[in-house]
Each structure stands twice: as C-alpha cells, then as structure tokens.
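Remarks on the overall topology
Here are the chains, one letter per residue:
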There are 2 protein chains.
Amino acid sequence: MTTTLPELDEIAAAATAAAPLWRTSPAATRAAWIRAVADALDAATDELVEIADRETHLGTTRLRGEVGRTTGQLRLFADVVLEGSYLEATVDDADPSATPPRPELRRVLVGVGPVAVFSASNFPFAFSVCGGDTASAWAAGNPVVVKAHSGHPELSRRTAEIARAALAAAGAPEGSLALIEGREAGNALVQHPAIRAAGFTGSLSGGRALFDLAAGRPDPIPFYGELGSVNPVVVTPGAAAARGDALAQGLVGSFTLGVGQFCTKPGVVFVPRGADAFVDAVATAVPGVSGGPLLTERITDAFPSGIDALADDPAVAVVARGAESAGGAQPIVLRTDAAAVAERPETLLEECFGPVTLLVAYDGADDLHAALRAVPGSLTATLHAEEADDVDDTLALLQERAGRVLFAGWPTGVAVTWSQQHGGPWPATTSLHTSVGASAIRRFLRPVTFQDAPARLLPAELRDENLAAIPHRRNGRLVVSADARAS
Amino acid sequence: MTTTLPELDEIAAAATAAAPLWRTSPAATRAAWIRAVADALDAATDELVEIADRETHLGTTRLRGEVGRTTGQLRLFADVVLEGSYLEATVDDADPSATPPRPELRRVLVGVGPVAVFSASNFPFAFSVCGGDTASAWAAGNPVVVKAHSGHPELSRRTAEIARAALAAAGAPEGSLALIEGREAGNALVQHPAIRAAGFTGSLSGGRALFDLAAGRPDPIPFYGELGSVNPVVVTPGAAAARGDALAQGLVGSFTLGVGQFCTKPGVVFVPRGADAFVDAVATAVPGVSGGPLLTERITDAFPSGIDALADDPAVAVVARGAESAGGAQPIVLRTDAAAVAERPETLLEECFGPVTLLVAYDGADDLHAALRAVPGSLTATLHAEEADDVDDTLALLQERAGRVLFAGWPTGVAVTWSQQHGGPWPATTSLHTSVGASAIRRFLRPVTFQDAPARLLPAELRDENLAAIPHRRNGRLVVSADARAS
C-alpha cells in the first residue's frame, strides 16, 4: 500500500484546496468537525482496539484507555477552538496624535496551511492518525496528511477511514485528512511544496533525517519532532531513607509500563551510594515483572544491542532481570556510578527503548551535579526529595534539561490538559513547543496583522462586534469579558 | 577588532554564567535593567547620532527618530515583562477523582538561555546592538551576544559600551551583553554550544547561510531570521481612478524612504492596465526625488546589478529616474506586465535593496491573481481599493503571502506595538514569529511544567499567592484579576 509520488501530489492538492476552508471555518463549525471524529472513534472502539492489539501487542486494557485519551484530546482541542485565546486577538486603536501617527492594527493567528504528521509506533491512537499532532493541527485550522507508522498499518487505514467518513458527514471538506504509507512517500511529504509544517514522534535517527529534509528545503518549514529522552530521576538520601521501598516499587512499575516503550520512561535513576535498601527493593521487585513482545521488528532488534552497549561498559553491572517471556523483551536493571556517566554520557545516557533502566550511584552533591550536567535534554526530570533536603542546585540543573519537572510519582503518565508540557531541549524535541496539551496548537499557526482594514474585510473574530466573545488584548490591556465562552 | 575564537569562548562562558540570573530575575528587576539601557541611550543620543550618520549616511533627523523608536521599544518590552501575560502561567489543580488521577500541573515560560543577535545595516539602532531582538531576548530573561554589523562598527562598539555601563550600574550581571565582530566569529557564534537561539535581520544569502549552520548543529537551535521581502502592493481600478495621484505620491515617498533600504519597501506594485494617470503621476514625481549614498559597499555594488537584472528582461521598461546625486543611488521606477511576472518570478520578483520599484500592469482579476500566486512570502502586502470593489479573492492571496496586510498608507512605517507583526512566509522570515512588537518575546522562551511541586520550589510567579498579579489560566479559565498590573 505504498503511496506513489503522483498519489502524493493528488493528496497534497486536495489538502491545499481544503486549507482555506479550514482556515476560515467559524469556531463552532471547526469544533463540530473535530468532535465528530472523536464521537466516531469512540463508537468504533471495539473494532479499533481489536486491530490495534493484533498489530502492537499492547493489550486491550491499555489500548481501550488510549482510545479514550485520544478522543478526550480531540474534545480538548475543540474546547480550545471555542475558548478563543489561541487566536491571540490583539487590537491597537489608531493614534493620530502619536509621532509618527499610529495606524489601527489588528493581529490574529491563522492556520499555517496543510500539516504533515508522522505517527509513532508506541501510541497507535494518541500519537498516530488522529492523535495530538492531528488534533492540534485541525484545531489551528489546517488539513492534515498523516504518514502511517509501519507498525500498525491496518489500524492506521481503518482509523483514517472512520475519521474521513465522520468529517464528511459533519460537512468538512474533502482533503481534511489523508493517509500515506511508505518511507519514500514520507520523505517526499516533508519536502512537498504544499506542506507548511510537520509534526513527528519517533526515533532520534528518523527524526533527525526528516528534520534535515525540512530544514534543507528551498523554503524551510517548521519541523516539530519529539525524538528521544532518557528522563532522569534523582532520589535524595532523605527520600531513599524515608520511602526507598515505595520508590523502588514505583520505579519498577514505571520503567516496565508498556514494555518500557514510553517516551517518558525513566531511563536513568540517580541514587545515593549506600542506599542499599532502595537497590535491594528494586532487585527484589524486578524478577516478578514479565516483559512482552515489543512493538516492531526494529525495536525488537535494537533492544538487546542497546542493553549490550550499556552492559559492555566496564563500570556497568546487572542488578536484576525480570521474568523471561517467550519471544518478548525481558526487563533489566543495570547500575553504574556518577563518575562513569559524567565521563561517557554518549554511551551511558543514550535512550534505549524497552524495559531497561540504569541506576547511577552518586557520592554527594558535587558528584551528582557533574553527572547531571552530562544529561541530554529530556521530556521529563523527576526529583524525589524530602522537605528538609536542600535541592535548589539539583532542581536548577534538572529544569535546564527538561520540559516537565516532577516532584512525586513517575513520568510515564502524561495528562492531556491546558498546562501540560511534553517537549524539552534537544534531542527531546526540535522546537520550543509542546506536542501534548492545549498550547500544542501554537505550532501550526502564523500571525497576520491587518492595518487600517475596513471592518467588512477583517476576519470575523477581529471585528469589534465579535471581539467580546473571546479573550483579547486592546491597547495593551488583556480583556476577558463576562460573555467570553468558558472552556 | 575581529573577535577571535578564544575570545568568543570567554564571551559565551560569561553569557552562560549570566543566564540563570536573567532567567530568575524578578519582573521589576528585569524591567529596571532594560529601562536603564533605554535611559542611557536617550541620554547619549547626540553622540550616537553623530557616529551613526558618519557611518551610515542615513541623516540625523531619521537617526534621531530611530534612537527614540529604539528606546521606546526597550520600554515596551519592560512593560511586557511587568504585565506578565508572556509567562503564559497556567495551572491545573490536581483531580484525584479523574481516571487516571490527575496530578497538579503548573506551566510557565522561561528564558531559553544565551541568545545570539545578528544586527542589520539599515537600522543601526532599531535592528542593531540594542534593537528589537536584543530587547525581546532580554525581556524573555536571557543574556545576549550581538554580532556587530560591519556597516557601523564604531556605533556598535559605543552603543554596547553605553548599554553595558548602564546594565552594570543597574545591577545586572556581567555577561548580560557582549559584542563580537567579524564573519568568522559570527559563524562560530551561531554554532556555539552555549547559544540557545538566534535572531537575524539581513540578506537572504547571509541569513540562509546562518540558518543552515543553526539547523546543522548537533543540537539544532531556533534561528529567527528576517531575510527578504518584495512587499507587493495592489491598486484596484477603482482606487487608481479615485485617487491615483495621491497613491502615486505615496508610493514614490515610500520606495525612496531611507534610500529604498527598508525591509518593508514596496518593491512591486500591481496597477490596472490603462491606469495612465497613476503611472504618469509616478513618472512626474520621481525626477524630483534624489537618492543618496547607500549603506555599505556591498549594497552599493548590488544595486546597479539588481537594476540591470530587471531591466535586461525583455518585458521590462524604464518609467522614470530620480535626480542624479554624486556617488549616490539614483531612484528608478520600472514597469512590466503581470504575465511576465507570473512566468519569470525568479527574475522579476527578487528583492532589490535600494530605491527601485516595479510597476506591473494587469488585465483583470485572473491576470492579477496568476501573478500574485508567483509572489514569494513577504513581510507586508498592501491593498488600495475602494469600498465598492470586490477584493475577497485578492485579499485571500495577499494574506497567504504576508504577515501584515495594509489597506491604507504604505508599508515602510512599522509601529512598535502589542499587535505588530513583522514577519511572513519564507523568505520574509524563517519562523512563525514576529521580530517587532510585544509578541517577539515568545521566540526566546521555552515552556516548563512543574508536576506536584511543593510551593517553595516553584518559580515565584507560579505560587498561588503571586498568581493574581498576572494574567493566568486556572483549570482552563483565563483570569485577569483587578489587581493585575496594567501594561
């Protein structure tokens, strides 16, 4: 089912034709289109989960939950459209007395045009055909062309089919959503003149290759990639002493969740040297956890090589292995020390997708901080500390390296809310934006300012009679009217 | 005075050391630092204008005005810091009853780290050492390293000296502002590991080269470049008939302003065929306008070659030339027709820096629209129409191609306000952001979300007791308290 280049041209032409209809669609209409997709996917949950489980082995409970997360995400973005803050509507009235006289200026964000979305293997719903990138690109007022992940082709096709039917029934234009398949078509997609921005979730190597294609275009486009993350965790001596056992249980649950195939999997855990109770508790818990089949052949092949690369380091030892499972990946915990991490970060801090984590023993703050300085940009960083601990310097180092900093729990849960941040310094992401949560919409918008425009030629939202319905700024002052729609 | 690579390393180390101090500076402190620079530059206006006029020939009236614009811009960004919306403070309270239970999340934007600024030749104050890129990078909480433009080295040094003294006196850290010189140092700057983002205003070729270096880093950084723009103008038959003479006067004033060296210079003007009165009025006005010396040797050399490239096209003719001025560029108006533009945009629609504009005759809407589809991304697009004109399709085409759409006046004035947009599709800019106006600050910020953080470890702005002072969102609802600081 590989998409040919002539087929891609047709798909791009349809997206181009749909773009003005999405861009100028009224908020209520656009929200209805997005909600129609959510409703249709909810209604098809049984069928979709069955296909997804066959293709990904992620289990029906997890997959059923993921459908709910995905449709909830679509509905959040419909709410974001209706609430209207995302437009950043801004008006400065004319000031003829200024030097020089100031014209009237009205600014709004508008859809950037057709968006390419490269879906991920590990979230076949939430980061795939109708996942967060697609939802936020639609909410911004753009048609979407999705490159299906080869790990779940049948699910991708069926999801697209259901979404397209729902969009058509709701009155959305042809070209609102298209699916392409094949690596060559994907490379052509990110270079296609019709495409104005791209979203991606996947590996560092694959993402970097597409980033380079996007940046190398005659007209470079923004490429929003989420590429890789080791998600450091720091346990203070106080926390290890006070609740080492609970932390160990939490860690084991988190690094083996989804067979370790979460972008936010805690991949490196800094533990005070001598916190033997914590390490023992991990060693005790792991053998009771089984792994399972990994998502794709590529990940299945890469996992043992990743383990070997770590285990071959002279400063690395095995702490414990999980239960064996036929044909599946076996969880494993390794350990090393902070000096080795600071010295060889390129070996010891490379993301290894699958159920593995590395415990790093540190001797005091200086030793810890030297190692933290070697940690690459991550989606998350977690600090388990007690109230009496002095963690200011540690926190500063973690915050510099991550987009989300946790003080309780484990990073593998990602709530889809207004305040979520799923993105961090390179290589976690390629941009200063999030791919999860309401503000992901900003990635697919561009600003336009209208100077001295007659009211009839302004976008509807910017006309005086409609401004009150949305949060807006007038002459420097942010205004949230009583009749602004609640989210 | 070329900066050596060891010197650059020292400068980068000082900026890195200053970064946490800028990032965590309280709003009032940071605003005071920025205002101190504005005050010091205002106080030094006489001295600075004298140097600037000697180096750029832009004239003391214009340059004096530009100092005022620049210090006003610094003060606007101090206001933006105090107002606080730019933080996008967002809180979602914990919801233990949700499935899965939702943690508390608090999101804020923080400074990205040391910023590189490449200054422009044509605005030696407003787009130079303490120009908009520097002002917005400081406001975002970042130290700045400026690459001086070789067109005004003495002014750059003196401006930096004054700004550094003002910053030091106001208590800002060492490393808040540094100046480097030389192309090699500039190339190294955009590739330096310490630099987290870059702003640039200049030529397409120079900007593209730096963009490629930024994108080619092992850890790519955002490169916000403003590269080139032809700024299309459309005159409808109705407008040409109703006010052709006034439009002609306006055009001539605009394309020759600053000897045609504005990024927003109207470079191509679509005029209905047969609007002879308009063309005649242009032809009559131009000979009365003199040019003057151009900014740099490079621009001086490029101007006649640019004219020749246009004039050599078989479909191009000369309409009028301005007054000769010894050693200066002579204004010139050329004309062609829409069919030629649609066929050879790479020749006829390339930006030519200096006092030249191209009138394009069109026969009806289809002819006009075919040519407009060939117009590359621009900072501005201007539509001169009468109320009775049907301009919907024309406007849609212009809006797709520009970041600011004008319906009166001429694009060469750029008000520095909350609602300004100075940026457009490639090659106008390399990003979906503006380099002028309040929202330019977003370029130099990255989001961080704190999950279940103890209040004492949160950034001050995100603590409950401080949230009321700034516009913020809580549980999806935007809140502007009565005691939020006015801008």
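Everything numeric here is computed off the predicted structure, so don't read it as measured data.

**Digging into the overall build of chain A**
When you go through chain A residue by residue, the secondary structure sums to 16 helices and 17 strands. For 487 residues, the compact-globule estimate of 2.2 N^0.38 gives 23 Å, and chain A sits close to it at 24 Å. With the C-alpha coordinates of chain A rotated into their principal frame, the extents come out at 70 × 55 × 40 Å. Burial status across chain A gives 62% buried among its 487 residues.

**So, the domain arrangement of chain A**
Residue and element names in this part refer to chain A. Assigned domains within chain A: domain 1 (5–227 + 432–479) and domain 2 (232–406). A C-alpha centroid distance of 35 Å is found between domain 1 and domain 2. Facing 16 residues of domain 1, the contacting portion of domain 2 comprises 13 residues. Here domain 1 packs against domain 2, burying approximately 960 Å² in sum over the two surfaces, 60% of which is carbon and sulfur. When the area that domain 1 buries against domain 2 is broken down by residue, the three leading residues are His57, Asn122 and Glu226, summing to 41%. Seen at the junction of domain 1 and domain 2, the total is 0 salt bridges.

**Structural notes on the pairing of strand β5 (residues 177–180) of chain A**
The two faces of a sheet get side chains in turn, since along a regular strand they alternate between them. Residues and elements named next belong to chain A. The two faces of β5 match: Leu177 and Leu179 on one face and Ala178 and Ile180 on the other face are all buried. With 4 bridges joining them, strand β4 (residues 144–147) and β5 adopt parallel strand pairing. Its bridge partner lying in β5, Val144 is registered against Leu177. As a crossover connection, the stretch from β4 through helix α6 (residues 153–169) into β5 is right-handed.

**Quick word on the UniProt feature "domain: Aldehyde dehydrogenase" (unreviewed entry) in chain A**
UniProt's feature table lists "domain: Aldehyde dehydrogenase" (unreviewed entry) at residues 7–424 of chain A, given in the numbering used throughout. Taken as a whole, residues 7–424 of chain A contains 46% helix and 17% strand, while its terminal C-alpha atoms sit 36 Å from one another.

**A short note on the sheet that holds strand β7 (residues 223–226) of chain B**
All names here are of chain B. If you walk across this open sheet you meet the 5 strands as β5-β4-β3-β6-β7, and the pairing is parallel. Strand pairing shows two members of the sheet lacking a second neighbour, β5 (177–180) and β7, which therefore form its edges. Pairwise comparison of adjacent strand axes, ignoring direction, gives a mean angle of 15 degrees for this sheet. In the sheet, strand β3 (residues 115–118) pairs with strand β4 (residues 144–147) via 4 bridges, with the strands oriented parallel. Considered in β4, the bridge of Ala116 is made with Val145. Across the sheet, helix α8 (residues 204–216) touches β3, β6 (197–201) and β7, and the angle it forms with β7 is around 170 degrees.

**Things to note about the relation of the copies chain A and chain B**
Each of the two copies of the chain can be brought onto the other by a rotation about an axis and a shift along it. The transformation that overlays chain A on chain B combines an axial shift of 0.0 Å with a rotation of 180 degrees, and the residual RMSD is 0.0 Å. A rotation of that kind, with that shift, is consistent with a two-fold axis. When you check the interface residues of chain A against chain B, 99% turn up at the interface there too, and the contact is symmetric in its surfaces.

**Overview of helix α7 (residues 183–191) of chain B**
Those residues of α7(B) that fall on the buried side of the exposure criterion are B:Ala185, B:Gly186, B:Leu189 and B:Val190. For α7(B), the angular spread of buried residues about the axis comes to 135 degrees, placing them on one side.

**Notes on unusual backbone geometry**
All names here are of chain A. In this structure, the amide linkage connecting Trp426 to the following residue, Pro427, adopts the cis form with an omega of 5 degrees. Here Pro427 is to be found in the loop between β14 (402–406) and β15 (445–451). The phi dihedral of His57 falls on the positive side, at around 60 degrees, and the residue is not glycine. With respect to the element layout, His57 can be found in the loop between α3 (45–56) and α4 (60–83).

**Describing the interface of chain A and chain B**
With 73 residues of chain A in contact, the opposing surface of chain B contributes 72 residues. Of the roughly 5,800 Å² buried between chain A and chain B, counting both surfaces, carbon and sulfur atoms make up 55%. Considering only the side of chain A, the residues that lose the most area to chain B are A:Ser419, A:Leu432 and A:Gln451, jointly responsible for 12% of the buried surface there. For the interface between chain A and chain B, the tally reads 4 salt bridges. Notably, a salt bridge pairs A:Glu83 with B:Arg473, separated by 3.0 Å at the nearest N-O pair. One can count 50 residue pairs in polar contact (both at pLDDT 80 or more) joining chain A with chain B. The set of elements that each furnish at least two residues to the side of chain A that touches chain B consists of β1 (90–92), β2 (105–111), α8 (204–216), α15 (392–401), β14, β15 and β17 (477–479) of chain A. It is β15(A) that provides the largest number of residues to the side of chain A that touches chain B, a total of 7 residues.

**Concerning the sheet that holds β4(A)**
Residues and elements named next belong to chain A. Ordered by their spatial adjacency, 5 strands build an open sheet running β5-β4-β3-β6-β7, and the pairing between neighbours is parallel. Here the strands that pair on one side only, and so sit at the sheet edges, are β5 and β7 (223–226). Strand-to-strand twist in this sheet, taken as the mean axis angle between neighbours without regard to direction, amounts to 15 degrees.

**Observations concerning the nonpolar core**
Membership of the largest hydrophobic core comes to 222 residues, with the highest contact counts inside it found for A:Trp138, A:Leu177, A:Phe270, B:Trp138, B:Leu177 and B:Phe270. Non-local contacts of A:Trp138, meaning those with residues more than four positions away in its chain, are made with A:Trp22, A:Arg30, A:Ile34, A:Val37, A:Leu74, A:Cys130, A:Val144, A:Leu167, A:Ser176 and A:Leu177. Listed in part, the 45 residues of the second largest apolar core include A:Ile180, A:Val190, A:Ile195 and B:Ile195.

**Examining the packing of aromatic side chains**
All names here are of chain A. Inspection of every chain in the model, using the stated rule, returns 18 aromatic pairs over all chains. An angle of 70 degrees between the planes, with centres 4.8 Å apart, marks the rings of Trp22 and Trp33 as edge-to-face. With Trp22 in helix α1 (residues 5–23) and Trp33 in helix α2 (residues 27–43), this residue pair connects regions lying 11 residues apart in the sequence. Residue Trp33 is classed as buried on the basis of its relative accessible area, which comes to 6%. Members of the aromatic cluster, connected to one another through ring pairs, are Phe118, Phe200, Phe211, Phe223 and Trp426. A cation over an aromatic ring shows up here: Arg62 above the ring of Phe123, its NZ or CZ 4.6 Å from the ring centre.

**A word on the pattern of salt bridges**
Counted by the stated rule, this structure contains 54 salt bridges over all chains. For B:Glu50, the salt bridge identified is with B:Arg54, shortest N-O distance 3.3 Å. Separated by 4 residues within a single helix, B:Glu50 and B:Arg54 lie in helix α3 (residues 45–56), roughly one turn from each other. Looking at B:Glu50, the relative accessible area reads 44%, which means it is partly exposed. Between B:Asp363 and B:Arg273 there is a salt bridge, and its shortest N-O distance comes to 2.8 Å. Residue B:Asp363 is found in the loop between β12 (356–362) and α14 (364–372), and its partner B:Arg273 is found in the loop between β9 (268–272) and α10 (276–285); the two are separated by 90 residues along the sequence. Here B:Asp363 falls in the partly exposed class, since its relative accessible area comes to 45%. Each of A:Asp93, A:Glu104, A:Arg106, A:Asp464 and A:Arg474 takes part in salt bridges that share partners, so that together they form one network.

**Describing the packing of helix α9 (residues 237–256) of chain A against helix α10 (residues 276–285) of chain A**
Residue and element names in this part refer to chain A. Running from N to C, α9 and α10 point in directions that differ by 40 degrees, and their axes come no closer than 8 Å. Comparing their axes, α10 and α9 come out oblique. Both α9 and α10 take part in a crossing whose hand is right-handed. Residues Gly244, Asp245, Leu247, Ala248, Gln249, Leu251 and Val252 of α9 form the contact with α10, whose participating residues are Phe278, Ala281, Val282 and Ala285.

So, how was this worked out
Residues numbered from 1 in each chain as written. Chains lettered and ligands numbered in written order. Predicted model: local features only at pLDDT ≥ 70, side-chain atom pairs only at ≥ 80, totals over all residues. Heavy atoms only, no water. Helix = DSSP H or I, 4+ residues; strand = E, 2+ residues; numbered from the N terminus. Rg over C-alpha atoms; globule rule 2.2 N^0.38 Å. Buried < 20%, exposed > 50% of the residue type's maximum accessible area, 1.4 Å probe, protein only. Domains from an automatic or database assignment. Contact = heavy atoms within 4.5 Å. Buried area = accessible area lost by both parts, 1.4 Å probe. Salt bridge = Lys/Arg side-chain N within 4 Å of Asp/Glu carboxyl O. Pairing = 2+ DSSP bridges. Right-handed = clockwise from strand over helix to strand, strands pointing away. UniProt positions renumbered as here; feature names shortened; annotations may be inferred. Axes fitted to C-alpha atoms, helices over the stretch in contact; angles between N-to-C directions. Least-squares fit on C-alpha atoms with pLDDT ≥ 70 in both. Arc of directions from axis to C-beta. Polar contact = N/O pair within 3.5 Å; in protein donor to acceptor, adjacent residues only side chain to side chain. Core = buried A, V, L, I, M, F, W, Y, C linked by side-chain atoms within 4.5 Å. Phe/Tyr/Trp six-rings, centres within 6.5 Å; stacked < 30°, edge-to-face > 60°. Lys NZ or Arg CZ within 6 Å of the ring centre and 35° of its normal. Parallel < 35°, antiparallel > 145°, perpendicular 65-115°, else oblique. Left-handed = near helix turned anticlockwise from the far one by under 90°.

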